[in-house]
Amino acid sequence: LTGVPREQRAFQYLLAHAIPGDPRHILQTFDQWCYHCEHLSCVGPVKGRIVERLLEERAPLRVLELGTYCGYGTVLLARGLLPGARLYTVEGDPRHAAVAEKVIRLAGFDEQTVSTV
């Protein structure tokens, strides 16, 4: 109705409510948005714990994410990486990629940890 895409509205919510540089809080705030405002297709906290466990068990040095969307999964994955590990993430929709890039950087991850394509 406002002409602002849902993904951009979610990012604006993050800017207003999340603690910059705190990936855990970014994810919690994303979850609040999805549960109370508008639905976004995100991993969520239940599946997120499975992803976190797999990252802990496997301790990969490189991860490839196909389909960044708004960056929720990217923040979740990057948060679980060991120091020096790298995440490569690919998003085909330039509008979603632009939002994801801002979310990833808001969470505190730099280009040395997360590379967006």
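The name that an unreviewed UniProt entry assigns to the protein chain is catechol O-methyltransferase, with the source organism given as Dromas ardeola. Its UniProt record, at the heading Sequence similarities (unreviewed entry), says of the protein chain: "Belongs to the class I-like SAM-binding methyltransferase superfamily. Cation-dependent O-methyltransferase family." If you open the UniProt record of the protein chain and go to Subcellular location (unreviewed entry), you find "Endoplasmic reticulum".

This part covers the pattern of salt bridges. Throughout the structure, instances matching the rule amount to seven salt bridges. For R53, the salt bridge is made with E57, and the minimal N-O distance between the two is 3.5 Å. Here E57 and R53 lie together in helix α3 (residues 44-58), a separation of four residues that amounts to about one turn. A residue is classified by how much of its surface remains accessible, and R53, at 46% relative accessible area, is partly exposed. With a shortest N-O distance of 2.9 Å, D93 and R95 are connected by a salt bridge. Bridged by salt links that share partners, the residues E101, R105 and E111 form one connected network.

Moving on: the nonpolar core. Judged by nonpolar contacts, the single largest core of 31 residues is most densely connected at L14, I26, F30, L40, L87, V103 and F109. Elements supplying a minimum of two residues to this core: α1 (6-17), α2 (23-36), α4 (72-79) and α5 (94-106).

Further remarks concern a nonpolar patch on the surface. Together, L64, L66, Y88, V90 and V117 line one region of the surface with nonpolar side chains, adding up to about 510 Å² of accessible area. Among the elements of the structure, β1 (62-66) and β2 (86-90) are those that each provide at least two residues to the nonpolar patch. Assignment of secondary structure puts L64 in strand β1.

Calculation criteria
Residues numbered from 1 in each chain as written. Predicted model: local features only at pLDDT ≥ 70, side-chain atom pairs only at ≥ 80, totals over all residues. Heavy atoms only, no water. UniProt positions renumbered as here; feature names shortened; annotations may be inferred. Salt bridge = Lys/Arg side-chain N within 4 Å of Asp/Glu carboxyl O. Helix = DSSP H or I, 4+ residues; strand = E, 2+ residues; numbered from the N terminus. Buried < 20%, exposed > 50% of the residue type's maximum accessible area, 1.4 Å probe, protein only. Core = buried A, V, L, I, M, F, W, Y, C linked by side-chain atoms within 4.5 Å. Patch = residues over 30% accessible without salt bridge, like charges linked within 9 Å, V, L, I, M, F, W, Y side chains within 5 Å. Areas by Shrake-Rupley, 256 points an atom, 1.4 Å probe, with all protein chains shown as cover.

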